[in-house]
Amino acid sequence: MRTVYVNGEYLPETEAKISIFDRGFLMADGVYEVTSVLDGKLIDFEGHAKRLERSLTELDMKKPDAFDDLLDIHRELVRVNEIDEGLVYLQVTRGSDGDRDFVFPDPATTEPSLVMFTQQKPGLAESPAAKKGIRVVSIDDIRWGRRDIKTVQLLYPSMGKMMAKAAGADDAWMVEDGHVTEGTSNNAYIVKDGKIITRALSNDILHGITRAAVLRCAKEAQMEVVERNFTIAEAQEADEAFVTSASTFVMPVIEVDGATLGDGTPGPVAKRLREIYLEEGRKKAI
Ligand code: PMP
């Protein structure tokens, strides 16, 4: 049984409790982060901690008391749960003032809730999906206008995965005003004539921590990166495509809305970036 962390306590998962009045539960009034673990160490931890702080600020949410201890708590959970390869999930919500009200509770008297747990994912780095590549379908992006904040409002992305599954694909790319925003739980890229093309940062997409690291790796490896919008039609004509996220690193995409990219196997740029990112990530892991 897992040991999880709830508001200052390490507990068996069956004993961990949150109020039914918690605003995360009632109103999706919460933010989260997912940090991957390789060789028992955290990948890109600082990036995730920084983005968490930004998400809290943008929503006027108080930092949990344990904010400065997050690295220690992550490490302790990884240690006690013996995670060699896997994920650490962290969620902060605005907490509970013992009732339901649209108005935010007074932060002086209502503490945010902090919940963390681990997920064991053997084969995260040597992923069979990464060797084969994934198929994506396009869906309308009908999410709210602050996708740069990593909130727990994941119903539509979850529905998107189900739509992809129903269509016989692995994931969905969301499209707004004719352009791809991002994947349901990842940032999206195409590669054409050696150029890596991905949407620029704005409130329309999540500022992926893996995106930042992968683009840094690409530039260091003298690969050309162009941050601009692209369409599904352009993706279908691309030489290759891929997505990035903390839980999949760099994942090749081999099909977009039924059109096969290249020879239908992971492309060289995606494969190379996955290798470089994993190597760099492991080197810097803490
Ligand atoms: N976009 C969305 C919508 C996501 O949910 C995620 C992963 N949580 C990402 C992009 C990738 O972000 P990261 O690389 O920080 O995991």
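Scroll up a little and you will see the structure.
For the structure given in this document, a descriptive report is provided here. (Residues numbered from 1 in each chain as written. Predicted model: local features only at pLDDT ≥ 70, side-chain atom pairs only at ≥ 80, totals over all residues. Heavy atoms only, no water.)

**Side note on the site of the ligand**
Here is step 1: Of all residues adjacent to the ligand, which total 18 residues, the nearest are Arg51, Lys150, Glu182, Ile209 and Thr210.
Here is step 2: One nitrogen or oxygen atom from the side chain of Glu182 is found 2.6 Å from a nitrogen atom belonging to the ligand.
Here is step 3: Between the ligand and Ala246, the relevant distance is 2.8 Å, taken from an oxygen atom to a main-chain nitrogen or oxygen of the residue.
Here is step 4: Contributions of two or more residues to the shell around the ligand are made by helix H2 (45-58), strand E9 (179-183), helix H6 (209-220) and strand E13 (240-245).
Here is step 5: Split into classes, the residues belonging to the shell around the ligand amount to four nonpolar, 10 polar and four charged. (Near = heavy atom within 4 Å. Polar contact = N/O pair within 3.5 Å; in protein donor to acceptor, adjacent residues only side chain to side chain. Helix = DSSP H or I, 4+ residues; strand = E, 2+ residues; numbered from the N terminus. Nonpolar A, V, L, I, M, F, W, Y, C, P; charged D, E, K, R; others polar.)

**Here's the deal with H2**
Here is step 1: With 14 residues, H2 should cover 20 Å at 1.5 Å per step; its first-to-last C-alpha distance of 20 Å lies within 8% of that length.
Here is step 2: Those residues of H2 that fall on the buried side of the exposure criterion are Phe45, His48, Ala49, Arg51, Leu52, Ser55 and Leu56. Along the axis of H2, the buried positions cluster into a sector of 165 degrees, meaning they face one direction only. Counted as exposed and oriented over 90 degrees from the buried face of H2: Glu46, Lys50 and Thr57.
Here is step 3: On its buried face, H2 sits against strand E3 (30-38), strand E4 (41-42), helix H3 (70-80), strand E5 (86-93) and H6.
Here is step 4: In the segment just after H2, Asp60 is the residue with positive phi, at about 60 degrees. (Expected span 1.5 Å × (residues − 1). Buried < 20%, exposed > 50% of the residue type's maximum accessible area, 1.4 Å probe, protein only. Arc of directions from axis to C-beta. Contact = heavy atoms within 4.5 Å.)

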